[in-house]
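Chain by chain, the residues:
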Amino acid sequence: MDLLVQLAARNLGRNRRRTILTVLTVAMGTGLLTVALSMLNGILVDALKFASAASGHVRIVDPDYARRDQLMPLAENMPDVATVVAAVEGQPGVLGAYAHIQAGVTGAREDQDIGENFSLLHGAPVAYYTEVLHLDDYVVSGRLPTARGEVAIGQTFAQELDVTVGGVVIVLGQTQDGSPSPARLQVVGVLDLGNKNVNRQSYVILEESQWMADIEGGATEVLVSTGDYARADKLAAQLRSLPATAAYDVAAWNERPPFDTLGSFLVAIRGIVAGIIVFITGLGVLNTMMMSVLERTNEIGVMRALGLTRRQTRELFFFEAITIAAIGGLVGVAGGGGAAFYLSRVGIHLGDAAAKAPAAVPIHETVYPHATLDTLVLAFFLGIAMAVVGGLLPAWRAANIEPVEAMRHRR
Amino acid sequence: MICKLVGVTKSYPMGDLLVQALRNVTVGVGAGEFTVFAGPSGSGKSTALNLLGCLDRPSSGEVLLDDKNVASLSDDALGAVRARRIGFIFQSFNLIPVLTASENVDLALRLAGVEGPRAERVESALKAVGLQDYLHRRPSQLSGGQQQRVAIARALVKSPAIVIADEPTANLDSTNGEAILDLMREMNQKNGVTFLFSTHDPMVMSRARRVVRLKDGEVVADEAGAGA
């Protein structure tokens, strides 16, 4: 084995320019991969993290509400929501439990006709807005609502209504039995959450939406947050066993649409991006390794004549390819990690297309790549995969060189 | 006999044709011989050498090494036979360019699986060919004659049963060619090393103790050489 390692190391030095070019190919591939995976992290994972928190890492609702949750049926509510919140809040792993009502509303200024502009109205305790959604970070003017009669609205909705902080809007919703339910609310804050659809949402305190929906003391759902959103399904299983939740549907975010398919979607996107980069970079490695094999046909024949086995010949070229990949991978991860770190500070503007992403999984117009340790490790090992992809055929070709090649008279 | 071809035929496909490089050839090499396979291009001398050196397999017939038929051995088994029992000297020297002279010689020992300290054997082999002062030179830092001497040391260091030399002087000028032949002849006479050459160089044939002449894939003469 040490003979092969020694030979591989020496061979890498014999054509330095080509070795450096191959290392750079792998480095560029790995670097690109690091940035691409970090960007995906920035776009999807962070959006997923936000969206899963916003809709509850674990959500407790009436089973009929769960069946028709796209319609947000106010009639399928939880009248004893305080009991459920109290029972859940004492459980290990629970950071908070929040009663929540969301309903589609139209909005207008007092001097406008009602019915032109739509918004999704949230009603929840202020703690949900500050501790889970961190809405205070997105306030561009004013503040969050703290009392009845107050509303904070997204920037798009504010522009559509042409109101600013201090203005008054008439919000028309429904009660749980379907009757019209108008409310006169003062705008106390305008928010910019980086996505046009999300910026069409409005936020009031829970009591306001309870009054509007005529669900006194109740809510349509209880949203539970936990520290480790990836393990929310385990918490959901734990909460299902509580007597207080027995009559309700308890589901983790990744057990509900659209998130139940997003995990595999994310894996698929990552796989496609990584696969394309590994394949293209692998072709680069293949090209130079194959040239090396063809140039060294006679030399390989000599070593085969001297007793080098086919397996050892394959290993020799694999060592060369993997050494190139390891060096290129380290350089690429360092370069790509540095680029991702820089971009994580300045951001990448994706334009209007991203802004039109659905509010359920909001993608911000400016994304900030997020390079995690596992991204760097993954990119490095995919760099090794590039060498395996690119080194496989040349190594196989080299192993099939017959020892009689040594007798052919060329140098 | 150290090695022997018995009724060997070797055919190669060439386009739509099947070229017969050897036709029912029977010829052997005994211990301590200094034998030349001679003949023009296409006579089959290199094919015969490849078969006796276990580099290739016959289409039919037997290849005996120490009275055992090696024609049916697996690739790896043939490789092990070559590594331990056969030394090779090539026309183009064929040293590994990234290894020094001593590392090239050591390579033969390592591939033969020689256990224990090897440095002394390597130095001794290079000293025997007069290159004790060139141990750490790479092939590119050596002349053609010096490279072929390293190749001889590489072939001999593992004490093989036979050394197969494929036109070993073809890429050397006459002075260096003669010097190399003298060296091999000396190894043969002093140490009893068996040499088998292929050549069409009259100078090489003049040093041989036995000359086997091939033509169109057949042995047409097997006679004592001028060096006998």
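Starting from 1, residues in each chain are numbered consecutively following that chain's sequence as written. Each chain is given a letter, starting from A, and each ligand a number, starting from 1, according to the order in which they appear as written. Local features in this predicted model are restricted to residues of pLDDT 70 or higher, and side-chain atom pairs are both shown and tallied only at a pLDDT of 80 or more, whereas totals for entire chains, interfaces and linings draw on every residue.

### Points about the overall build of chain A
The helix and strand labels rest on DSSP assignments: H or I over at least four residues marks a helix, E over at least two residues marks a strand, and numbering proceeds from the N terminus. Scanning chain A for helices and strands turns up 13 helices and twelve strands. Any residue whose C-beta has 12 or fewer other C-beta atoms within 10 Å is treated as exposed, any with 20 or more as buried, and any in between as partly exposed, C-beta atoms being built from the backbone. Buried residues in chain A amount to 46% of all 411 residues. Contacts here follow a simple rule: the backbone-placed C-beta atoms of the two residues must lie within 7 Å. Within chain A, contacts between residues at least 6 apart in sequence are counted, and of these 81% link residues at least 24 apart.

### Some details on the interface of chain B and chain A
One widely used convention gives an interface's size as the accessible area the parts lose upon coming together. The partner chain A presents 19 residues to the 25 residues of chain B that form the contact. Of all the secondary structure elements, the ones that give two or more residues to the side of chain B that touches chain A are α1 (45-52), α2 (75-85) and α3 (101-111) of chain B.

### Quick word on the pairing of strand β6 (residues 168-174) of chain A
Residues and elements named next belong to chain A. Only one face of β6 is buried, namely the one carrying Val169, Val171 and Gly173, since none of Val168, Ile170, Leu172 and Gln174 on the opposite face is buried. Pairing between strands is defined by DSSP: at least two bridges between the two strands are required. Pairing analysis gives four bridges linking strand β2 (residues 94-109) to β6, with the strands arranged antiparallel. Residue pairing for β6: Ala108 is matched across the bridge by Ile170. As judged from the seven bridges shared by β6 and strand β7 (residues 180-191), these two strands associate in the antiparallel manner. Across the sheet, the residue bridging to Val171 is Ala183, located in β7. Here β6 hands over to β7 after five residues, with Gly178 in that stretch at a positive phi of 95°.

### Digging into the environment of Val129 of chain B
All names here are of chain B. Checked against the element boundaries, Val129 lands in the loop between α4 (119-128) and α5 (144-156). Take Val129: there are 23 C-beta atoms within 10 Å of it, and that puts it in the buried class. Between the alpha carbons of Val129 and Val150 there is a distance of 7.4 Å; along the sequence they are 21 residues apart. In this view, Val129 contacts Arg149, Ile152, Ala153 and Leu183; residues no more than four positions away in its chain are not counted.

### Describing the nonpolar core
Among the nonpolar cores identified, the biggest contains 117 residues, and Leu52 and Ala153 of chain B are the most heavily contacted of them. The contact partners of Leu52 of chain B, leaving out residues within four places of it in the chain, are Cys3, Leu5, Val29, Val63, Ile164 and Leu196 of chain B. Connectivity within a nonpolar core runs through C-beta atoms within 7 Å, and the core itself is a set of buried Ala, Val, Leu, Ile, Met, Phe, Trp, Tyr and Cys residues. With 64 residues, the next largest nonpolar core counts Ile101, Val169, Tyr203 and Leu239 of chain A among its residues.

### Quick word on the packing of helix α11 (residues 310-346) of chain A against helix α13 (residues 373-399) of chain A
Residues and elements named next belong to chain A. For the pair α11 and α13, interaxial distance at closest approach is 7 Å and the crossing angle is 150°. Comparing their axes, α13 and α11 come out roughly antiparallel. Here the hand of the crossing between α11 and α13 comes out right-handed. When residue character is reported, Ala, Val, Leu, Ile, Met, Phe, Trp, Tyr, Cys and Pro are called nonpolar, Asp, Glu, Lys and Arg charged, and the others, Gly included, polar. Residues that form the contact of α11 with α13 fall into these classes: 19 nonpolar, nine polar and two charged. An axis is simply a line fitted to the C-alpha atoms; with a helix, the fit covers only the stretch in contact. Between two such axes, the angle follows the N-to-C directions and lies from 0 to 180 degrees. In this scheme, roughly parallel covers angles under 35 degrees and roughly antiparallel covers those over 145, while 65 to 115 is roughly perpendicular and the rest are oblique. In this scheme, a crossing is called left-handed if the near helix is turned counterclockwise away from the far one by less than a right angle; it is called right-handed if the turn is clockwise.

### Thoughts on the packing of α5 of chain B against helix α6 (residues 174-191) of chain B
All names here are of chain B. Contact geometry for α5 and α6: axes closest at 10 Å, N-to-C directions at 20°. It follows that α5 is roughly parallel to α6 by the angle criterion. Our pair here, α5 against α6, has a crossing hand that is right-handed. Residues Gly144, Gly145, Gln148, Arg149, Ile152 and Leu156 of α5 lie in contact with α6, whose contacting residues are Asn176, Ala179, Ile180, Leu183, Met184 and Met187. Counted by class, the contact of α5 with α6 contains seven nonpolar, four polar and one charged residues.

### Some words on the confidence of the model for chain A
Here chain A averages 86 in pLDDT, and 91% of its residues register 70 or above. Within chain A, strand β5 (residues 150-154) of chain A carries the highest mean pLDDT (96), whereas helix α12 (residues 352-355) of chain A carries the lowest (59). pLDDT is defined as a per-residue confidence score from the predictor, taking values between 0 and 100.

### Considering the sheet that holds strand β3 (residues 34-38) of chain B
Residues and elements named next belong to chain B. A sheet is described by the order of its strands in space; here six strands give the open sequence β6-β7-β8-β3-β9-β10, paired in mixed fashion. Of all the strands in the sheet, the pair left with one neighbour each is β6 (86-89) and β10 (218-224). Taken pair by pair, the neighbouring strands of this sheet meet at an average axis angle of 20°, ignoring direction. Inspection of the sheet shows strand β7 (residues 162-166) paired to strand β8 (residues 195-199) by four bridges, in the parallel sense. Across the sheet, residue Ala165 finds its bridge partner in β8, namely Phe197.

### Brief notes about helix α4 (residues 81-89) of chain A
Residues and elements named next belong to chain A. Turning to α4, its buried residues are Val81, Val84, Val85 and Val88. One side of α4 holds all its buried residues, which, seen down the axis, span an arc of 100°. Against the buried residues of α4 lie β1 (58-61), β2, β9 (221-226) and α8 (232-240). Taken from the helix axis, the directions to the C-beta atoms give the arc we talk about.

### A closer look at the environment of Ala83 of chain B
With respect to the helices and strands, the residue Ala83 of chain B is situated in helix α2. Ala83 of chain B sits 27 residues away from Arg110 of chain B along the chain, and the two C-alpha atoms are 9.1 Å apart. Discounting residues that sit within four places of it in the chain, Ala83 of chain B has contacts with Leu306 and Gly307 of chain A together with Leu111 and Ala112 of chain B.

### What to know about unusual backbone geometry
In this structure, Asp214 of chain A takes a positive phi of about 60° despite not being glycine. For Asp214 of chain A, the location among the structural elements is in the loop between α7 (206-213) and β9. On the basis of neighbour counts, which here come to 15 C-beta atoms within 10 Å, the residue Asp214 of chain A falls in the partly exposed class. With phi around 70°, Phe93 of chain B is a residue other than glycine that occupies positive phi space. In this fold, Phe93 of chain B is placed in the loop between β6 and α3.

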